[in-house]
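A look at the structure
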Amino acid sequence: MSPILLYTTQFCGYCGAAKNLLRSKGLDYEEIDVGFDSGKRIEMVQRAGGLRTVPQIFIHGRRVGGYDELAALEREGKLDAWLANALETFASEALAPETLADASEP
């Protein structure tokens, strides 16, 4: 499971741009299409603080925003450091003993 999550819809140009930006950095992501799944759309709106626009991008559970915010981080030269920090945190938590213990429980 990737620490990067995108809520998208099929015909969203900004969603495609966000995916292209992440792919250009060699990053994998999980994508949830909310176009035809009302339950996932409700989940997205709740996680995004009531926002209904796509994409909604989360890295390690932290809301980045949409494509504009992701692109702004890239333009300002902050995206790589931000991603490294978030991915480092994800990796260290994934290997934490309490996490491994939880994973072994049925």
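For the structure, check the block above.
On a predicted model such as this, the values are computed, not experimentally measured, just so you know. (Residues numbered from 1 in each chain as written. Predicted model: local features only at pLDDT ≥ 70, side-chain atom pairs only at ≥ 80, totals over all residues. Heavy atoms only, no water.)

1. Focus on the environment of Lys25
By the secondary structure assignment, Lys25 is in the loop between helix H1 (13-24) and strand E2 (30-33). With a relative accessible area of 25%, Lys25 lands in the partly exposed category. C-alpha separation for the pair Lys25 and Leu79, spaced 54 residues apart in sequence, amounts to 10.0 Å. Among all residues touching Lys25, those that are not within four sequence positions of it are Glu74, Leu79, Asp80 and Leu83. (Helix = DSSP H or I, 4+ residues; strand = E, 2+ residues; numbered from the N terminus. Buried < 20%, exposed > 50% of the residue type's maximum accessible area, 1.4 Å probe, protein only. Contact = heavy atoms within 4.5 Å.)

2. Looking at the nonpolar core
Membership of the largest hydrophobic core comes to 16 residues, with the highest contact counts inside it found for Ile4, Leu6, Leu22, Ile57, Ile59, Val64 and Leu70. Of all elements in the fold, only strand E1 (4-8), H1, strand E3 (56-59), helix H3 (67-75) and helix H4 (79-94) reach the threshold of two or more residues within this core. With residues up to four places along the chain from it excluded, the contact list for Leu22 reads Ile4, Leu6, Leu27, Tyr29 and Leu70. If you look at the next biggest cluster of nonpolar residues, it comprises 11 residues, including Cys12, Cys15, Ala48 and Phe58. (Core = buried A, V, L, I, M, F, W, Y, C linked by side-chain atoms within 4.5 Å.)

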